[in-house]
Amino acid sequence: MYKVLIVDDEKMIRMGMKKVLPWQELKIEEVYTAASGKEALGILEEYHPQIMISDIQMTEMTGLELIEKAKEKVPDLRVIVLTGYDNFEYARQSIRLEVQDFFLKPIDEEDLAEAVKKQVNYLDEQKQAEKTQPEQVRTQGFEQQNRLEHYLRSLVHQREEKETILNDLKEHYHFDFNQSMKMILIVPTLYMNRERPEENFRAMSVKHICMGMVDSQGKGITFTDDEGVIAIVYFEIEEGESIIEEVQQLSNVLSDEFDVKPKMVMGSTVQGFSNLMVSYNDARYLLENEKENICDIIQNFGAESKSELFLDVYAELKGIMCNNIGNSEYVLKVFRTFSKAVESYNLSKTLARRCCFEIASTLLLTYMGDSGEVEDGKLDALSKNLVSAGREEACELTEMFITNLLGKGEENVHDIVSSAKRYIDEHLAEDLSVSSIANNLYITPNYFSRLFKRVTKEGCNEYIVRKRIEKAKSLLETTSIKTGKIAMMVGYRDTNYFSLAFKKHTGKSPTKYREEIRGGV
């Protein structure tokens, strides 16, 4: 049902239109009237009618002036103009203002009813288009992703002529084809089992998280190779170790979601999609030769002297602390490991002080970046105390700094998690990911992921899936909506993925569940 505003400075005319037309039959629930442009603007601002019928010749403000101002308040307003003057200039101005219909007074009531009906039909069509658009976008996105994955598999496995594939990629996608990139492979022990890849819910969940943190952020492309191994093409936007940091963040989120620390192998940096096969083959070599006792992110390391060995340990521990900034107990535990390493490597006082200050400043910056809070003065106080501190004292001072810094953040943790749950419940039908939720809360994905897992005892992705399945169960129990439509309504673009997720949580397919709940068995 819609609302109409009638504007005419002659009371008999505006009240006559209000009384004579069959508004309910025309799907109009409210009819407002205004004697002037000023009064009409007030009604538009307060009640937001979708259709306006207006005279042109009025005192104070002409109908054409009113329409121009009305469109600023309600851009999609549908306007029908009435005038007692057969003036070409009025018609020309009406066209400029994108008026939907133009009539000379007196207008027959049937003609006016038909004009209103025409606008109502248009509004109905727009509503229907808005409902179907998300489904169309999802379907198109799914088809595009499948095609993109096909091209990448063809590139890395050399199945087709390279130039043909590159030309097809350029035709359908708008990537920078000469940018630096690096291939990452996730070691299959995280997600592979004896099931076929297309029936492996865990593998699909890992891939979904990767796409949420990489593809949707424009950082790269996720796909699976011919053997079902999840591969990520990371774009190297900035110089330095930006990709390593991104991969570490992804690794941490996957670890939180699945309670298993994933291993990843990194190929060499190459220039452009034409050389992607080289990076992929490097990563495959590392994958085939990976050992259980090596680092989580496999790449070439060189550390021969004792000090170099310590700096490797130090860099790894500092990275772990930064990536777990939302878990104060764990950060302090890792820092105590660092303190023991300082002793066991017999570090000099100068190097110990430098490392302590770097850890404190890095944690402070990470905390402020993740939480959005600003901490002034604390680092200056620590630096003054570190100047004359011995090795052991430097570690104690830094531990106190970390305790004070992270202890304050505990007050806001539950508010963040509550807001996240509320956001998830309100956007279940949309493409949800750790990254998109964290962006909405103005915190980083890594920080959010750890907070959510620590408070709820389940990963954010796991929580989203559970809530989606709960809503799907309710829809299956209480409606006759088709399974494919329900999948869309609870946020699944792929009905097979929906069926796998549903069966994993309930032990039954959606169709079987509906049959049994309704006494079909």
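Above: the structure in question.
Fair warning: this is a prediction, and the values are worked out from it, not measured in the lab.

With that out of the way, let us pick up the overall build of the protein chain. Scanning the protein chain for helices and strands turns up 20 helices and 10 strands. Expressed as a percentage of the 521 residues in the protein chain, the buried residues total 47%. Nonlocal contacts in the protein chain, meaning residues at least 24 apart in sequence, comprise 67% of its contacts between residues at least 6 apart. On the protein chain, roughly 26800 Å² of surface is accessible, and the fraction owed to carbon and sulfur atoms is 48%.

Before going further, it helps to spend a moment on the sheet that holds strand S3 (residues 51-55). Here 5 strands make up an open sheet; going across it, the order is S2-S1-S3-S4-S5 and the pairing parallel. Edge positions in the sheet fall to strand S2 (28-34) and strand S5 (101-104), since each has one partner strand and no second. Neighbour-to-neighbour, the strand axes of this sheet turn through a mean angle of 15 degrees, independent of strand direction. Here strand S1 (residues 2-7) runs beside S2; their pairing, made up of 6 bridges, is parallel. Residue pairing for S2: Lys3 is matched across the bridge by Glu30.

Here we take up the nonpolar core. In terms of nonpolar packing, the biggest core is built from 102 residues, with Phe273 and Phe338 touching the most fellow members. Among the elements that take part in this core, helix H14 (residues 391-426) stands out by supplying 12 residues, more than any other. With sequence-adjacent residues up to four places away left out, Phe273 is seen in contact with Leu152, Leu155, Leu166, Leu169, Phe175, Asp176, Phe177, Met181, Ile221 and Phe235. Counting residues in each nonpolar core, the second largest holds 22 residues, with Leu5, Leu41, Ala70 and Leu97 among its members.

A cluster of acidic residues, Asp108, Glu109, Glu110, Asp111 and Glu114, forms a negative patch at the surface. Mapped onto the elements of the fold, Glu114 is located in helix H5 (residues 109-157).

Residue pairs spaced three or four apart in an α-helix point in one direction, given the helix's 3.6 residues per turn. Taking 1.5 Å as the rise per residue, helix H16 (residues 445-456) with 12 residues should run 16 Å; its terminal C-alpha atoms sit 16 Å apart, in good agreement. Taking burial as the measure, the 12 residues of H16 include 10 buried ones, the bulk of the element. Positioned one or two residues after H16, Lys457 has a phi angle of 70 degrees, which is positive.

It is worth spelling out the environment of Glu39 at this point. Relative to the helices and strands, Glu39 resides in helix H2 (residues 37-47). Counting along the chain gives 32 residues from Glu39 to Val7, while the straight-line C-alpha distance between them is 8.8 Å. Setting aside residues up to four positions removed in sequence, Glu39 forms contacts with Thr33 and Ala34.

Let us look at the pairing of strand S7 (residues 220-224). Along S7, 5 of the 5 residues are buried, which leaves the element largely enclosed by surrounding structure. Side chains Gly220, Thr222 and Thr224 project from S7 onto one buried face, and the interleaved Ile221 and Phe223 project onto a second face that is buried too. As paired elements, S7 and strand S8 (residues 230-235) share 5 bridges and run antiparallel to each other. Pairing of Phe223 across the sheet is with Ala231, part of S8. The hairpin turn running from S7 into S8, its antiparallel successor, is 5 residues long, and Gly228 in that turn takes a positive phi close to 85 degrees.

Quick look at the pattern of salt bridges now. Opposite charge on two side chains permits them to pair, given that their charged atoms come into close proximity. For the coordinates displayed, the defined rule picks out 17 salt bridges. Between Arg284 and Asp225 there is a salt bridge, and its shortest N-O distance comes to 3.0 Å. Taken together, the residues Arg284 in helix H9 (residues 276-288) and Asp225 in the loop between S7 and S8 connect sequence positions 59 residues apart. Given the relative accessible area of 11%, Arg284 is considered buried. Residue Arg450 pairs with Asp256 through a salt bridge whose shortest N-O separation is 3.1 Å. Separated by 194 residues along the polypeptide, Arg450 in helix H16 and Asp256 in helix H8 (residues 242-258) bring together distant segments of the chain. A relative accessible area of 12% places Arg450 in the buried class. For Asp256, a relative accessible area of 8% gives the class buried.

Glycine aside, negative phi is the norm for most residues, and most peptide bonds take the trans geometry. For His48, which is not a glycine, the phi torsion comes out positive at approximately 55 degrees. Mapped onto the fold, His48 is located in the loop between H2 and S3. Exposure remark for His48: the relative accessible area of 47% places this residue in the partly exposed category. Unusually for a residue other than glycine, Asp259 sits at a positive phi of about 55 degrees. Tracing the sequence through the fold places Asp259 in the loop between H8 and strand S9 (264-271). Taking relative accessible area as the criterion, Asp259 reaches 62% and is therefore assigned exposed.

Next up on the list: the layout of surface pockets. Estimates place the volume of the second largest pocket at around 1200 Å³. Element by element, the count of residues in the lining of the second largest pocket is highest for H5, at 8 residues. Taken together, the residues of the lining of the second largest pocket sort by class into 17 nonpolar, 17 polar and 10 charged.

So, on to the packing of aromatic side chains. Any pair of aromatic rings gets described here by the distance separating the centres and the angle formed by the planes. Counted by the stated rule, this structure contains 17 aromatic pairs. Note on Phe235 and Phe273: the rings are 6.2 Å apart at their centroids and 75 degrees apart in plane angle, and the pair reads as edge-to-face. Note that Phe235 is positioned in strand S8 and Phe273 in the loop between S9 and H9, a separation of 38 residues in sequence. Considering the side-chain rings of Phe498 and Phe502, the 5.9 Å spacing of their centres and the 55 degrees angle between planes classify their relative orientation as tilted. One end of the pair, Phe498, and the other, Phe502, are both in helix H19 (residues 495-506), 4 residues apart, so they sit about a helical turn from each other. The pair Phe498 / Phe502 is uniform in exposure class, with both members buried. An aromatic cluster of at least three residues, connected via ring pairs, comprises Tyr151, Tyr173, Phe175, Phe177, Phe235 and Phe273. Sitting over the face of the ring of Tyr122, Arg78 holds its NZ or CZ atom 3.6 Å from the ring centroid. It is Arg468 that lies over the ring of Tyr492; its NZ or CZ is 5.5 Å from the centre.

What counts and how
Residues numbered from 1 in each chain as written. Predicted model: local features only at pLDDT ≥ 70, side-chain atom pairs only at ≥ 80, totals over all residues. Heavy atoms only, no water. Helix = DSSP H or I, 4+ residues; strand = E, 2+ residues; numbered from the N terminus. Buried < 20%, exposed > 50% of the residue type's maximum accessible area, 1.4 Å probe, protein only. Contact = heavy atoms within 4.5 Å. Areas by Shrake-Rupley, 256 points an atom, 1.4 Å probe, with all protein chains shown as cover. Pairing = 2+ DSSP bridges. Axes fitted to C-alpha atoms, helices over the stretch in contact; angles between N-to-C directions. Core = buried A, V, L, I, M, F, W, Y, C linked by side-chain atoms within 4.5 Å. Patch = residues over 30% accessible without salt bridge, like charges linked within 9 Å, V, L, I, M, F, W, Y side chains within 5 Å. Salt bridge = Lys/Arg side-chain N within 4 Å of Asp/Glu carboxyl O. Lys, Arg positive; Asp, Glu negative; His and termini not counted. Charge placed at Lys NZ, Arg CZ, Asp CG, Glu CD. Expected span 1.5 Å × (residues − 1). 1 Å grid on protein atoms, 1.4 Å probe; cavity = no way out; pocket = protein on both sides within 12 Å on 5 of 7 lines; lining within 4 Å. Points joined across faces, edges and corners; volume = space filled by probe spheres on them. Nonpolar A, V, L, I, M, F, W, Y, C, P; charged D, E, K, R; others polar. Phe/Tyr/Trp six-rings, centres within 6.5 Å; stacked < 30°, edge-to-face > 60°. Lys NZ or Arg CZ within 6 Å of the ring centre and 35° of its normal.

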